[in-house]
Amino acid sequence: QVQLVESGGGLVQAGGSLRLSCAASGIAFSIDAMIWYRQAPGKQRELVAGITSRGIANYADSVKGRFTISRDNAKGTMYLQMNSLKPEDTAVYYCKADVRDVRGRSLDYWGQGTQVTVSS
């Protein structure tokens, strides 16, 4: 079983920066991708950014050019560098790992989330 732990959230003023981390531990054959989602009160959970084990990254249009996703495959960790933060970035940020087990089955694991609050 895989466990995910997010860290790095906090309170910042608009225009500030935060760096989120998501560390994976446990037993898995491989982690195909790690993805950041966020959910604000009253809103649907949305995809923020994702990265594959080969380093291919993609971003939501709302964060492209401001956020940078990266990963360390050996540590099973991904990072989200968030710059030029806006109040609309306020949300609980969750990481999700797309895990492949020894039978080749794809399984999803979620972290508990970390709060990001951007004041105006």
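## Comments concerning the packing of aromatic side chains
Okay, step 1: Within the structure shown, the criterion is met by two aromatic pairs.
Okay, step 2: Look at Tyr37 and Trp110: their rings are 5.0 Å apart centre to centre, the planes differ by 45 degrees, and that puts the pair in the tilted class. Linking Tyr37 in strand β4 (residues 30–39) with Trp110 in strand β10 (residues 106–110), this pair joins segments that are 73 residues apart in sequence.
Okay, step 3: With a relative accessible area of 38%, Trp110 lands in the partly exposed category.
Okay, step 4: Relative to Trp110, the ring of Tyr94 lies with its centre 6.5 Å away and its plane at 75 degrees, an arrangement referred to as edge-to-face. Of this pair, Tyr94 sits in strand β9 (residues 91–100) while Trp110 sits in strand β10, and the two are 16 residues apart along the sequence.

Rules and cut-offs
- Residues numbered from 1 in each chain as written.
- Predicted model: local features only at pLDDT ≥ 70, side-chain atom pairs only at ≥ 80, totals over all residues.
- Heavy atoms only, no water.
- Phe/Tyr/Trp six-rings, centres within 6.5 Å; stacked < 30°, edge-to-face > 60°.
- Helix = DSSP H or I, 4+ residues; strand = E, 2+ residues; numbered from the N terminus.
- Buried < 20%, exposed > 50% of the residue type's maximum accessible area, 1.4 Å probe, protein only.

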